[in-house]
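Listed below are the residues making up each chain.
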Amino acid sequence: MHEIPVYRQPFGSSHTSASGATQPVDEHILKLYMRKELGRSFPFAARPRAGQIVQSIADMAHGVHDYSPISGPTKPMDMADAVRKGMNKFEFYKPRDWDNGKDTEEYHKFKEIIPEMAQHAVNGIREFYGDTKFEGEFQRWHQDELIDVPTMLFQDYTGGGRQVDLKCSFPTRNPLKKDGTRSWRFPKPRTEPTPQQIMQQAVYWKATGDEPGLLFVTPLGFNIVDASNCDALKPHALEESYQQVRQRWLVIQNLLRAAEGKWSNLFALVQPDYGQIVGRHGPDILAIAKQIWRLDR
């Protein structure tokens, strides 16, 4: 266990993460408040939950589900059994009720294509590693010299000095037709990572030295992106991205220190973007944000 600096303790800020460096600062502060004071997290959506299910199925098929570096991999599960277990988990997801049915539609559409996407993920992981043994996801730590708490990270798959992160892209809705039906746009696997994905890979690379890779999966297939076909994943570019990440970590660290243990001080230092908050998390979270950022509270 690491010691949490005194100024961070009132905010429950015990570590950093790659995602903490890529999300807006106001959202990061709101997330801290909800966890520390309300015991809540941001609500989920069908899209990220479906991505988790795809990875879960792929993990089971490769024998790295619920992975522990102590016990190592287990016997790979039959693909049909892995799909069955994964889909059973997805059945427990409750769609959002504040977006005019969008999440519900996506949930039912994703149920149709998760098995196919999981098979693409299994094939992509197999192609990436070949005969090389690899580990599944488990908690790791990294310490940056400028940041006074460690960084927690989870790499999807690691082995042979290489790591690959699974990124799923699901279909998006087209506008309703005159007859009330709807078609869907099926994306092709990405050939270039987003800036946020590069930053995440930069953290993994700096923490472990593993060469980064991204496995992009859609219902149409998969594509592997690494330093051999993407300059953004080469060391010089990763180093540049990592400096952006640590700058964001440092900004958050300085804000927390300047707040002197008081939420009111912290909220006064950060401007909320209510439009982004309601679009991502819904009216309930917006109401919380508006309450805590009130100037007369």
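Here's what I pulled together on the structure shown here.

A few words on the overall build of the chain. Of regular secondary structure, the chain possesses 10 helices and eight strands. For the chain, the C-alpha radius of gyration of 20 Å lies close to 19 Å, the compact-globule estimate for 297 residues. Overall, the C-alpha framework of the chain stretches about 55 × 55 × 35 Å when taken along its three principal axes. By the burial criterion, 48% of the 297 residues in the chain qualify as buried. Across the chain, contacts joining residues at least 24 apart in sequence account for 69% of those joining residues at least 6 apart. Accessible surface for the chain amounts to roughly 15200 Å². Of this, 51% is attributable to carbon and sulfur atoms. For the chain, the separation between the mean place of its 38 positive charges and that of its 37 negative charges on side chains is 5 Å.

Taken as a whole and assessed by the stated rule, the structure comprises 14 aromatic pairs. When the ring of Tyr93 is compared with that of Tyr107, the centres are 5.7 Å apart and the planes differ by 45°; the resulting orientation is tilted. On the criterion of sequence distance, the pair formed by Tyr93 in the loop between helix H4 (79–90) and helix H5 (102–129) and Tyr107 in helix H5 is long-range, its members being 14 residues apart. Here Tyr93 matches Tyr107 in class, with each residue buried. Ring centres of Phe110 and Phe170 lie 4.7 Å apart, and the angle between their planes is 40°; on these two criteria the pair is classed as tilted. Of this pair, Phe110 sits in helix H5 while Phe170 is found in the loop between strand S4 (162–168) and strand S5 (172–173), placing the two residues 60 residues apart along the sequence. No difference in accessibility class separates Phe110 from Phe170, as the two residues are buried.

The next point concerns the pairing of S4. Along S4, five of the seven residues are buried, which leaves the element largely enclosed by surrounding structure. By the bridge criterion, three bridges tie strand S3 (residues 157–159) to S4 in an arrangement that is antiparallel. Of the residues in S4, the one forming a bridge with Tyr157 is Val164. The hairpin turn running from S3 into S4, its antiparallel successor, is two residues long, and Gly160 in that turn takes a positive phi close to 65°. When S4 meets strand S7 (residues 213–218), the two strands line up parallel, connected through four bridges. Paired with Cys168 across the two strands is Val217, which belongs to S7.

What follows is about helix H6 (residues 195–208). Taking 1.5 Å of rise per residue, 14 residues should cover 20 Å, and H6 covers 20 Å from first to last C-alpha, within 8% of that figure. All of the buried residues along H6 are Gln197, Ile198, Met199, Gln200, Gln201, Ala202, Val203, Tyr204 and Trp205. Elements that come into contact with the buried residues of H6 comprise helix H1 (18–22), strand S2 (151–154), S4, S7 and helix H7 (235–258). Looking at the residues trailing H6, positive phi occurs at Gly209, about 80°.

What counts and how
- Residues numbered from 1 in each chain as written.
- Predicted model: local features only at pLDDT ≥ 70, side-chain atom pairs only at ≥ 80, totals over all residues.
- Heavy atoms only, no water.
- Helix = DSSP H or I, 4+ residues; strand = E, 2+ residues; numbered from the N terminus.
- Rg over C-alpha atoms; globule rule 2.2 N^0.38 Å.
- Buried < 20%, exposed > 50% of the residue type's maximum accessible area, 1.4 Å probe, protein only.
- Contact = heavy atoms within 4.5 Å.
- Areas by Shrake-Rupley, 256 points an atom, 1.4 Å probe, with all protein chains shown as cover.
- Lys, Arg positive; Asp, Glu negative; His and termini not counted.
- Charge placed at Lys NZ, Arg CZ, Asp CG, Glu CD.
- Phe/Tyr/Trp six-rings, centres within 6.5 Å; stacked < 30°, edge-to-face > 60°.
- Pairing = 2+ DSSP bridges.
- Expected span 1.5 Å × (residues − 1).

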